[in-house]
Amino acid sequence: MKKLLAKFDTSFIERSSLMMGNILNAGLGFLTFGILARGLSKEDFGIWVLYLSVFGFVEMLRAGSIYQALVKYVASCHDKVQERRFILGAWQISLWLTAIILLVIFSVKVLFESYFFIRFSELLFIQYPVVICLMLPINMATMIFHSRQQFIKLWFINFLQSAPFLAALFFSKSLDLQLVVNIHLLVRALIVVYTVIFERGIWVNFKSLFSNPKKTDSSYKELLNFSRFTVLSQVGSSLLKNVDIWLINHFAGSSMVALYQIPLKLVEIFEIPLRSWAMSAYPRFSNLVAHQKILDLKKNFIKELGLFTLGILPIIGILYLFAEEAIVLFAGKGYAEATVLLKLFMLYVLLLPTDRYLGITLDALNLPQINTVKVFVMLFINIIGDYLVLHFELGLMAVIGITLLNITFGIVIGVYFMKQQFNEKNIIAISSI
């Protein structure tokens, strides 16, 4: 047994633990999603999906602005003093962005509230400002644990966001949209209390940001400098996920949003482990670049991408063959018509690992601007394509077809630039960045 374990490095074990933990959290998420799909009407479930899409997009704007930068720099720090400066910088930027987002929400409420339908307006302008304040320390805990490669703690914070929420829904006698949102808010409030009591390390020196902000020694400028490109990539990636939902709601209503979201949720069977594997690889990729080990980076990129793609092929085959059974088991017979959508999404899943690994490797090579170009080309194709197919009422299958088109273009762009960066003639130039 010892000989067997010796074949696996600590990094592999930690990453596998993170992936298995995230798969567990994803399983809880799937159960939650199924309960809501069965317990809410299609219209209310569609509104909940819209709320989550706005929630996820705004959280991405805040956390995504510094997430990649913080992980990259902390992973390369040589001492605790330097690490502390970057973490304080992340706190500063997060607080500034929270204030800006709250101001934007208030401005939208004053100027454009009449354009939103009433039920969604109540969620967006009343509950959401509270949630965004609660998510600030939760996001910071997630970023700090990831940057320090404390993957078990990272998993547990995510677990606390999903398990209590599922338990509360399961034991509720009946479900309505307002109850669901209230439980969602309460769970996050409890997580904040947990971080204050049991994870005080993320709050270290936090008071100095308020007691003497002018003398606070932080590295927020370095974080912002790197993030000026990565945040654009994050915005583009988030819009890629959400623009379909927003346009479908605009042209076809919240019921069609619910129908589209069911197979899209099942795609997370693959996205969750892929995200875990890739996010744990990013600090290592950045460290290889910092030590000018570009050939090792190339080997790691090819190896990990190949292994992950081969690993998901059997699951793709099973879901394709039993697509209808999976849909009915997950959300009920009322969503059986989404079977053909799930089959088409399996083609998209085949392309996901390549797209994801291209993205993190370009960032690790200090080339976030290339990643930004790739993402916004994909976004442009997606918005124009979705608008046209929905305007001419070509259906949800055509929307997925546009998604396949944009991810293919993104991969072609990413591969083109990666070949240039991995060319041995450019190794010296890349290593000096």
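Quantities reported herein were computed from a predicted structural model and do not represent experimental measurements.

When you go through the protein residue by residue, the secondary structure sums to 18 helices and 0 strands. Across the protein, every contact between residues at least 6 apart in sequence was considered, and the portion connecting residues at least 24 apart equals 83%.

Detailed reading of the predicted coordinates is not advisable wherever pLDDT falls low. Looking at the protein, pLDDT values average 83 and 87% of them are 70 or higher. The low-confidence segment residues 1-5, where pLDDT is below 50, has 0 contacts with residues more than four positions distant or belonging to other chains.

Phe45, Trp48, Ile262 and Tyr335 are the most contacted members of the largest nonpolar core, which totals 138 residues. Beyond its immediate sequence surroundings of up to four residues, Ile262 is in contact with Phe33, Ala37, Phe45, Ile327, Phe330, Ala331 and Tyr335.

Below, the discussion takes up helix H7 (residues 151-170). Compared with an ideal rise of 1.5 Å per residue, which puts 20 residues at 28 Å, H7 spans 28 Å between its outermost C-alpha atoms and is within 8% of the ideal. The sharpest bend along H7 comes to roughly 30°, located at Phe159.

A word on the packing of helix H11 (residues 254-266) against helix H15 (residues 339-364). As a packed pair, H11 and H15 sit with axes 9 Å apart at the nearest point and diverge in direction by 40°. Taken together, H11 and H15 sit at an angle that is classed as oblique. For the pair H11 and H15, the sense of crossing is right-handed. Two secondary-structure elements touch here, H11 through Leu259, Tyr260, Pro263, Leu264 and Leu266 and H15 through Leu341, Leu342 and Phe345. Looking at side-chain class alone, the contact of H11 with H15 contains 8 nonpolar, no polar and no charged residues.

Charged atoms that come close allow side chains of opposite charge to pair. What the rule picks out here adds up to 9 salt bridges. A salt bridge links Glu199 to Lys153, with the nearest nitrogen and oxygen atoms 3.5 Å apart. On the criterion of sequence distance, the pair formed by Glu199 in the loop between helix H8 (177-198) and helix H9 (208-211) and Lys153 in helix H7 is long-range, its members being 46 residues apart. Here Glu199 falls in the buried class, since its relative accessible area comes to 11%. The closest approach of N and O atoms between Glu268 and Lys265, which form a salt bridge, is 3.2 Å. Accessibility expressed as a relative area gives 13% for Lys265, which makes it buried. Several salt bridges share partner residues, and in doing so they unite Lys80, Glu83 and Arg148 into one network.

Here we take up the environment of Cys133. Here Cys133 is to be found in helix H6 (residues 118-147). Residue Cys133 is classed as partly exposed on the basis of its relative accessible area of 39%. Note: C-alpha distance between Cys133 and Ala189 (56 residues apart in sequence) is 9.5 Å.

Here Ile302 is to be found in helix H13 (residues 294-321). Residue classification places Ile302 among the exposed residues on the basis of a relative accessible area of 51%. Residues Ile302 and Thr354, spaced 52 residues apart in sequence, show a C-alpha to C-alpha distance of 9.7 Å.

Another point: unusual backbone geometry. Here Glu393, not a glycine, exhibits a phi torsion of approximately 55°, which is positive. Relative to the elements of secondary structure, Glu393 occurs in the loop between helix H16 (368-391) and helix H17 (396-421).

Below, the discussion takes up the packing of aromatic side chains. Across all of its chains, the model carries 21 aromatic pairs by this definition. Look at Tyr73 and Phe86: their rings are 5.0 Å apart centre to centre, the planes differ by 0°, and that puts the pair in the stacked class. Residue Tyr73 is located in helix H4 (residues 67-75), and its partner Phe86 is located in helix H5 (residues 80-112); the two are separated by 13 residues in the primary sequence. Connected via pairs of aromatic rings, a cluster forms that spans Phe30, Phe33, Phe45, Phe330 and Tyr335.

With that settled, consider the environment of Met346. Its place among the elements puts Met346 in helix H15. For the pair Met346 and Leu313, spaced 33 residues apart in sequence, the C-alpha to C-alpha distance is 9.9 Å. Ignoring any residue separated from it by four or fewer positions in sequence, one finds Met346 in contact with Phe270, Ile316, Leu319 and Tyr320.

Together, Phe380, Ile383, Ile384, Tyr387, Leu388, Phe392 and Leu394 make up a nonpolar patch on the protein surface, roughly 720 Å² of accessible area in all. Within the element layout of this structure, Phe392 appears in the loop between H16 and H17.

Turning our eyes to something else, we now look at the packing of H4 against helix H12 (residues 268-290). At a minimum axis distance of 9 Å, the contact between H4 and H12 shows a crossing angle of 50°. With respect to H12, the element H4 is oriented oblique. Seen from above, H4 lies across H12 with right-handed handedness. Across the interface between the two elements, Tyr67, Gln68, Val71, Lys72 and Ala75 of H4 pack against Met279, Tyr282, Pro283, Ser286 and Asn287 of H12. Class assignment for the residues of the contact of H4 with H12 results in 6 nonpolar, 3 polar and 1 charged.

Rules and cut-offs
- Residues numbered from 1 in each chain as written.
- Predicted model: local features only at pLDDT ≥ 70, side-chain atom pairs only at ≥ 80, totals over all residues.
- Heavy atoms only, no water.
- Helix = DSSP H or I, 4+ residues; strand = E, 2+ residues; numbered from the N terminus.
- Contact = heavy atoms within 4.5 Å.
- pLDDT = per-residue confidence, 0-100.
- Core = buried A, V, L, I, M, F, W, Y, C linked by side-chain atoms within 4.5 Å.
- Buried < 20%, exposed > 50% of the residue type's maximum accessible area, 1.4 Å probe, protein only.
- Expected span 1.5 Å × (residues − 1).
- Bend = angle between axes of the 7 residues up to and from the residue.
- Axes fitted to C-alpha atoms, helices over the stretch in contact; angles between N-to-C directions.
- Parallel < 35°, antiparallel > 145°, perpendicular 65-115°, else oblique.
- Left-handed = near helix turned anticlockwise from the far one by under 90°.
- Nonpolar A, V, L, I, M, F, W, Y, C, P; charged D, E, K, R; others polar.
- Salt bridge = Lys/Arg side-chain N within 4 Å of Asp/Glu carboxyl O.
- Phe/Tyr/Trp six-rings, centres within 6.5 Å; stacked < 30°, edge-to-face > 60°.
- Patch = residues over 30% accessible without salt bridge, like charges linked within 9 Å, V, L, I, M, F, W, Y side chains within 5 Å.
- Areas by Shrake-Rupley, 256 points an atom, 1.4 Å probe, with all protein chains shown as cover.

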